[in-house]
Amino acid sequence: MQQAAAPKVSFVSLGCPKALVDSERIITRLRAEGYELARKHDGADLVIVNTCGFLDSAKQESLGAIGEAMAENGKVIVTGCMGAEPEQIEAAYPGVLSITGPQQYESVLDAVHRALPPVHNPHLDLLPPQGIKLTPRHYAYLKISEGCNNRCSFCIIPKLRGDLVSRPANDVLREAEKLVTAGVKELLVISQDTSAYGVDIKYAASAWKDREVRARFFDLANELGEFGVWVRLQYVYPYPHVDEVIGLMTQGKVLPYLDIPFQHASPEILKAMKRPAAQDKTLARIKQWREECPELTLRSTFIVGFPGETDSDFAYLLDWLEEAEIDRVGCFKYEPVAGAPSNALGNAVPDAIKQERWNALMARQQKISARRLKRKVGTRQQVIIDEVGPTVSKGRSKADAPGIDGAVYVSSRRPLRTGEIVTAKIERADEYDLHGSVAGF
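Model, not experiment: these values are computed from the prediction. (Residues numbered from 1 in each chain as written. Predicted model: local features only at pLDDT ≥ 70, side-chain atom pairs only at ≥ 80, totals over all residues. Heavy atoms only, no water.)

**Some remarks on the sheet that holds strand β2 (residues 36–37)**
- One open sheet holds the five strands; their spatial order is β2-β1-β3-β4-β5, and the pairing between them is parallel. In this open sheet, the two edge strands, each paired with only one partner strand, are β2 and β5 (98–99).
- Relative to strand β3 (residues 46–51), strand β1 (residues 8–13) runs parallel, the two being bridged by five bridges. Considered in β3, the bridge of F11 is made with I48.
- Most of the contacts of helix α1 (residues 17–32) go to β1, to which it runs at about 170°, and overall it touches β1, β2, β3 and β4 (76–80). (Pairing = 2+ DSSP bridges. Helix = DSSP H or I, 4+ residues; strand = E, 2+ residues; numbered from the N terminus. Contact = heavy atoms within 4.5 Å. Axes fitted to C-alpha atoms, helices over the stretch in contact; angles between N-to-C directions.)

See below:
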């Protein structure tokens, strides 16, 4: 008996790593049900677009991706953050099959089943136990919670993704174990607010192996550190208990890396932003963290041109940046987002001034980054290899998260493998990257 052809689905995943994890979950379920992934829209039976709706520019990118899918295929299912407010999508593309919000995996699968029923072959549809990953095999994002309890005035994420919902610790650890067993060498711990993990479930303990593990930021990081792989902490708000995790870094349990979205330094602007966690003692805490863990790398994001930002607020931010010596910085020009309370603040900063401030901050940061990296010349660094070249391969040190930070370019006498961790001697540095040669395996 001839087996029916497997239905083919083309997939577009836009936005942040949290959305990428949502995409992985949907794809894992689809593959388990016998669907195949198509590389092109026009070769697929339908297209799923996982949208981002955080900024107007992201919404435009999402609408563009939907339009492309409609033009090339015509059968399109839309999900993700922009799907939480479907009116704009419906107005632009009334012919889409279905629109759902973020994390609504069942609704997406129901829509796929209606438009394209599965053809299941139990002998062929075998899945790896860790599920389907959209990242390279050697690293994976580990999402520990959904949603956010903060109400920052510029952000609509809680409106799109709801309040904080933490996963039980044993559920996270089981997923981590599967990933490590499958060959993952680096776990990137993410959520909307990673250091708030467990607040909603009152840090409830759950059974893991022979012990109980509390759903608490420190406890979870400590347990993840037992797997013997790189553990990178991202999207960490600087609540007081973050200080405890620095000890895990000095012990080598988690990477000496913190991704903290400070967003600004001026007390007036932080107040207008309604940022959580007291940030008035941040410089003293950064100093203390670095004394305890000299290897610590800090990455952060900042917004320039927030409503009401004066020249003196911006000068304060530049001075703060200089003193804090943040290693890695992303900077955004403020964009009003439909539904965000900050739209009502008034005192808009003209676009030309936003651009000037962005240029000035990035120029200042480039000098700080170059200065920080220069100190690494002559040192030995562990490097995880992302891309293999004939003589020079591209990798990342413990100070570099994939996709957002710098790289380490290493030459080697023997061929390297993707995902391999090598020791490199750093020979030179530029503004964002390091260059060296392999000195050990």
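**Section: helix α7 (residues 217–224)**
- Of all eight residues that make up α7, six are buried, and the element is covered over most of its length.
- Listed in full, the buried residues belonging to α7 are F217, D219, L220, A221, E223 and L224. (Buried < 20%, exposed > 50% of the residue type's maximum accessible area, 1.4 Å probe, protein only.)

**Here's the deal with empty space enclosed by the protein**
- Taken as a whole, this structure holds two cavities of 30 Å³ or more when the rule is applied.
- Estimated volume of the largest cavity: approximately 60 Å³.
- If you go around the largest cavity, the residues you meet are T297, D327, R328, S369, R372, L373, K376, S397, A399, D400 and L434.
- Among the residues making up the lining of the largest cavity, the classes are represented as three nonpolar, three polar and five charged. (1 Å grid on protein atoms, 1.4 Å probe; cavity = no way out; pocket = protein on both sides within 12 Å on 5 of 7 lines; lining within 4 Å. Points joined across faces, edges and corners; volume = space filled by probe spheres on them. Nonpolar A, V, L, I, M, F, W, Y, C, P; charged D, E, K, R; others polar.)

**Describing the sheet that holds strand β17 (residues 392–397)**
- Strand order in this closed barrel of five strands is β16-β17-β18-β20-β19, and the pairing throughout is mixed. Averaged over neighbouring strand pairs, the angle between their axes works out to 55° when direction is ignored.
- Of the pairings in the sheet, the one linking β17 to strand β18 (residues 408–411) comprises four bridges and is antiparallel in character. Along β18, the bridge assignment pairs S393 with V410.

**Considering the environment of P294**
- For P294, the position within the fold is in the loop between α10 (282–292) and β14 (297–304).
- A residue is classified by how much of its surface remains accessible, and P294, at 62% relative accessible area, is exposed.
- The spatial distance from the C-alpha of P294 to the C-alpha of T250 is 8.7 Å, given a sequence separation of 44 residues.

**Quick word on the layout of surface pockets**
- Taken as a whole, the largest pocket spans an internal volume of roughly 1200 Å³.
- Looking at the largest pocket, it is lined by 43 residues, and the ones nearest its centre are C16, K18, F54, Y235 and F332.
- Sorting the residues of the lining of the largest pocket by element identifies α1, α2 (56–72), β6 (139–143), α5 (157–161), β14 and β15 (328–333) as the ones contributing at least two each.
- Partitioned by chemical class, the residues of the lining of the largest pocket number 24 nonpolar, 10 polar and nine charged.

**What about helix α12 (residues 351–374)?**
- Between its first and last C-alpha atoms α12 spans 34 Å; for 24 residues at 1.5 Å apiece the expected length is 34 Å, and the two agree.
- Those residues of α12 that are buried are in contact with α10, β14, α11 (311–324), β15, β19 (421–429) and β20 (434–440). (Expected span 1.5 Å × (residues − 1).)

**Comments concerning the packing of aromatic side chains**
- With the rule as written, the count across this model stands at five aromatic pairs.
- Both rings, one in F302 and one in W320, keep their centres 6.1 Å apart while their planes meet at 65°; by these two values the pair is edge-to-face. Here F302 is found in strand β14, whereas its partner W320 is found in helix α11, with 18 residues between them in sequence.
- With a centroid separation of 5.2 Å and an interplanar angle of 75°, the aromatic rings of F306 and Y334 are classed as edge-to-face. You can see F306 sitting in the loop between β14 and α11 and its partner Y334 sitting in the loop between β15 and α12, a full 28 residues away along the chain. (Phe/Tyr/Trp six-rings, centres within 6.5 Å; stacked < 30°, edge-to-face > 60°.)

**Focus on the environment of L160**
- By secondary structure assignment, the location of L160 is in helix α5.
- Through-space distance from the C-alpha of L160 to that of F262 is 22 Å; in sequence the pair is 102 residues apart.
- The residues contacting L160, other than those within four sequence positions of it, are G53, C81, A84, E85 and P102.

**Brief notes about the side chain of S342**
- Examined against the element boundaries, S342 turns out to sit in the loop between β15 and α12.
- Polar contacts involving the side chain of S342 include one to the side chain of Y334, which spans 2.7 Å.
- Every residue in contact with S342, bar those within four places of it in the chain, is listed here: S153, F154, F306, P307 and Y334. (Polar contact = N/O pair within 3.5 Å; in protein donor to acceptor, adjacent residues only side chain to side chain.)

**Looking at the pairing of β3**
- Judged by how many residues are buried, β3 sits mostly within the fold: six of six residues are covered.
- For β3 and β4, the ladder comprises five bridges, and the chain directions are parallel. Of the residues in β4, the one forming a bridge with T51 is G80.
- Note on the crossover from β3 through α2 to β4: the handedness is right-handed. (Right-handed = clockwise from strand over helix to strand, strands pointing away.)

**So, the nonpolar core**
- Core analysis: the biggest nonpolar cluster contains 52 residues, and L224, L233, M249, L258, W289, I326 and L361 have the highest contact counts within it.
- Among the elements that make up this core, the one with the highest residue count is α11 (six residues).
- Those residues in contact with L361 that sit more than four places away from it in its chain are V304, F314, L317, L318, L321, V329 and C331.
- With 15 residues, the next largest nonpolar core counts I26, I27, Y35 and L46 among its residues. (Core = buried A, V, L, I, M, F, W, Y, C linked by side-chain atoms within 4.5 Å.)

**As for the pattern of salt bridges**
- Within this structure, the stated rule accounts for 29 salt bridges.
- A salt bridge links R328 to D400; its shortest N-O distance comes to 2.4 Å. Separated by 72 residues along the polypeptide, R328 in strand β15 and D400 in the loop between β17 and β18 bring together distant segments of the chain.
- Look at the salt bridges and you will find they share partners, linking R290, E322, E325, D327, R364, R371, R372 and R375 into a network. (Salt bridge = Lys/Arg side-chain N within 4 Å of Asp/Glu carboxyl O.)

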